[in-house]
Amino acid sequence: MKRWKIAFETWQAGLLLIAAIICVVIFGALVDHAARNPYHRGVLGKIAYQIARYPANAKEVFKVVFGGKSVIEAMRQRFEGKSGFERLKSGGEGGMLLLSRMDGDSKRSQVELMDLENGDVVRSYSIDLKQIFQRSKVKFVNHHFKQRLPLNYIMNHPAPMNDGGIVFNTGYGPLVRIDACSEIIWVVDGAFHHSSEIDADGNIWAPSTLLPPKTKYMPDWGFDDAITEISPDGRILLQRSLSDILIANGLKHIVFGHQNFEDDPIHLNEIQPVRSDGPYWKRGDLFLSLRHSSAILLYRPSTGKIVWVKQGPWLKQHDVEILNDHAISIFDNNTARISWEELVLGTNNVVVYDFDTGKVERPYKDGFEKNDIRTIQEGRGKILDDGDIFVEETNYGRLLEMNAAGDVVWRYINRASDGSIYALLWSRYLEPTFAEKFVKTVQAAQCEPM
């Protein structure tokens, strides 16, 4: 009797083991199917895929909440012995900086209006970010675990407004306008990201992500990037899916032409509005930067047509600037995906594309190499009226103005009191004429003591 009982229990355990192995195989097959077929997962496939993602999501949350470091600390600690603002030579007189940065001491995002003569801060824009995300109902699938943490709400790419205030996006969160005293004027709920630019009519153009996705075949957890126009009083005037725009203009390969499935196929990182007519564009047109296809587009909202497109020779670019009526500049990250990681192939650069000749030039190549400028992602580069260039090395927390040879006029290193460098958040250079008017407006504001 005892031997039979032991044999029965062994048989039972063996049966359970076989059943467990079968379940693991089925679960693995469902996850594999869901990963390979994001549009046709089925109910069981969706459940299995979400369960498989739990450890990775939990690890990210644990790292952010308990790791003691912000997710936007500098990618690597560089520039030993350098900290804060330092002017090294004459030049660039009268310019101001809307410095947008991660404050490593408070572990919060901060915007400061800085005098580039001496590094003095004329006005600090700071806000209790809880006030912003309390007004937001957006739950972005790929970011919702981190979205509600205050240290991850950022004041990204501040755009100066005529009342001395600023408009900024919060990094796949709402678009926000505050006045010169940091009081909230409005919050536009949504998943806004990257750039904020003002057009000739005073309206704001910002990339956003549609929630849920509107483009056919786009999965519910994918990035359906859109162009969005917002009025100065916070009303959405226009919002169009960029994927739909590309497909309608015969460019569906940019959306769906990747070797493996890409949940962020476009990665719109800049909308630069055209303010006046020229031989190659019209007032109201938009230059668009598509990082993941290394493409720059010229889009005409009035007709729905893409009137010009060029992929490369830049790689994973940012920051399109209009130089005159026939040329643009582009911040070339020169970033390539090598196996499992991205890296800069040498240094970044700013290229100038001339529509008259079709040629690409790199007038600041020596300067970028001399100063070893190599942010993998992000990055800003604005050619100034005097021929110098303003550069933000976003990932590594450095700003500078230099000439073509690489001689630095001033620099800023975003180092905190603990010695660590934190990332920048798309700062903006204000040319002298505009800066003078803006500073007067800011200083005239009657703000309550903080």
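First, a word on what this report is: a plain description of the structure on this page. These numbers were taken from a predicted model, which means no experiment stands behind them.

### Remarks on the overall build of the protein chain
- The helix and strand tally for the protein chain stands at eight helices and 27 strands.
- Going through the 450 residues of the protein chain one by one, you find that 52% of them count as buried.
- Counting only contacts in the protein chain whose residues sit at least 6 apart along the sequence, the fraction spanning at least 24 positions is 55%.
- In the structure as shown, the protein chain presents an accessible area of about 21,300 Å², 53% of it carried by carbon and sulfur atoms.

### Section: the state of the cysteines
- Scanning the model with the defined rule gives one disulfide in all.
- Note that Cys181 is cross-linked by a disulfide to Cys447, the S-S spacing being 1.9 Å. Handedness of the Cys181-Cys447 disulfide follows from its S-S torsion of about -85°: it is left-handed. Here Cys181 is found in the loop between strand S7 (173-178) and strand S8 (184-192), whereas its partner Cys447 is found in the segment after helix H8 (432-444), with 266 residues between them in sequence.
- Given the relative accessible area of 32%, Cys447 is considered partly exposed.

### A word on the nonpolar core
- If you look at the biggest cluster of nonpolar residues, it comprises 21 residues, and the most contacted ones within it are Leu113, Tyr125, Ile132, Met155, Ile166 and Ile178.
- Listed by contribution, the elements that provide at least two residues to this core are strand S2 (96-103), strand S3 (108-115), helix H3 (129-133), strand S6 (166-169), S7 and H8.
- For this core, the leading source of residues is H8, giving four residues.
- Ignoring sequence-local partners within four residues, the contact set of Ile178 consists of Tyr125, Ile127, Met155, Gly165, Ile166, Phe168, Glu183, Ile184 and Ile185.
- Residues Trp205, Leu268, Ala295 and Ile306 belong to the second largest nonpolar core, which totals 19 residues.

### Remarks on the sheet that holds strand S16 (residues 305-311)
- Across the sheet, which stays open at both edges, the four strands sit in the order S13-S14-S15-S16 with antiparallel pairing between neighbours. Each edge of the open sheet is held by one strand with a lone partner, namely strand S13 (268-273) and S16. Neighbour to neighbour, the strand axes of the sheet diverge by 20° on average, direction disregarded.
- Note that strand S15 (residues 295-300) and S16 share six bridges and pair antiparallel. When the bridges of S16 are listed, Tyr299 appears paired with Ile306.

### A look at the packing of aromatic side chains
- What the rule picks out here adds up to 14 aromatic pairs.
- Ring geometry for Tyr172 against Phe223: centres 5.9 Å apart, planes inclined by 80°, an arrangement best described as edge-to-face. Note that Tyr172 is positioned in the loop between S6 and S7 and Phe223 in the loop between strand S10 (204-209) and strand S11 (225-230), a separation of 51 residues in sequence.
- For Tyr172, a relative accessible area of 12% translates into the label buried.
- Between the aromatic rings of Trp308 and Phe355, the centroid separation amounts to 4.7 Å while the plane-to-plane angle is 50°, which identifies the pairing as tilted. With Trp308 in strand S16 and Phe355 in the loop between strand S21 (349-354) and strand S22 (360-361), this residue pair connects regions lying 47 residues apart in the sequence.
- Classification of Trp308 by relative accessible area gives buried; the value is 16%.
- For Phe355, a relative accessible area of 11% gives the class buried.
- Feature note: the residues Tyr280, Trp281, Phe287, Trp308, Tyr353 and Phe355 constitute an aromatic cluster, connected by ring pairs.
- Sitting over the face of the ring of Tyr396, Arg78 holds its NZ or CZ atom 4.7 Å from the ring centroid.

### Thoughts on the pattern of salt bridges
- Considering all chains together, one arrives at 21 salt bridges under this definition.
- Residue Asp163 is joined to Arg177 by a salt bridge in which the shortest nitrogen-to-oxygen separation is 3.4 Å. Here the residue Asp163 occupies a position in the loop between strand S5 (156-160) and S6, and Arg177 occupies one in strand S7, the gap between them amounting to 14 residues.
- Classification of Asp163 as partly exposed rests on a relative accessible area of 26%.
- Between Arg374 and Asp372 there is a salt bridge, with its nearest N and O atoms 2.9 Å apart.

What counts and what doesn't
Residues numbered from 1 in each chain as written. Predicted model: local features only at pLDDT ≥ 70, side-chain atom pairs only at ≥ 80, totals over all residues. Heavy atoms only, no water. Helix = DSSP H or I, 4+ residues; strand = E, 2+ residues; numbered from the N terminus. Buried < 20%, exposed > 50% of the residue type's maximum accessible area, 1.4 Å probe, protein only. Contact = heavy atoms within 4.5 Å. Areas by Shrake-Rupley, 256 points an atom, 1.4 Å probe, with all protein chains shown as cover. Disulfide = S-S within 2.5 Å. Core = buried A, V, L, I, M, F, W, Y, C linked by side-chain atoms within 4.5 Å. Pairing = 2+ DSSP bridges. Axes fitted to C-alpha atoms, helices over the stretch in contact; angles between N-to-C directions. Phe/Tyr/Trp six-rings, centres within 6.5 Å; stacked < 30°, edge-to-face > 60°. Lys NZ or Arg CZ within 6 Å of the ring centre and 35° of its normal. Salt bridge = Lys/Arg side-chain N within 4 Å of Asp/Glu carboxyl O.

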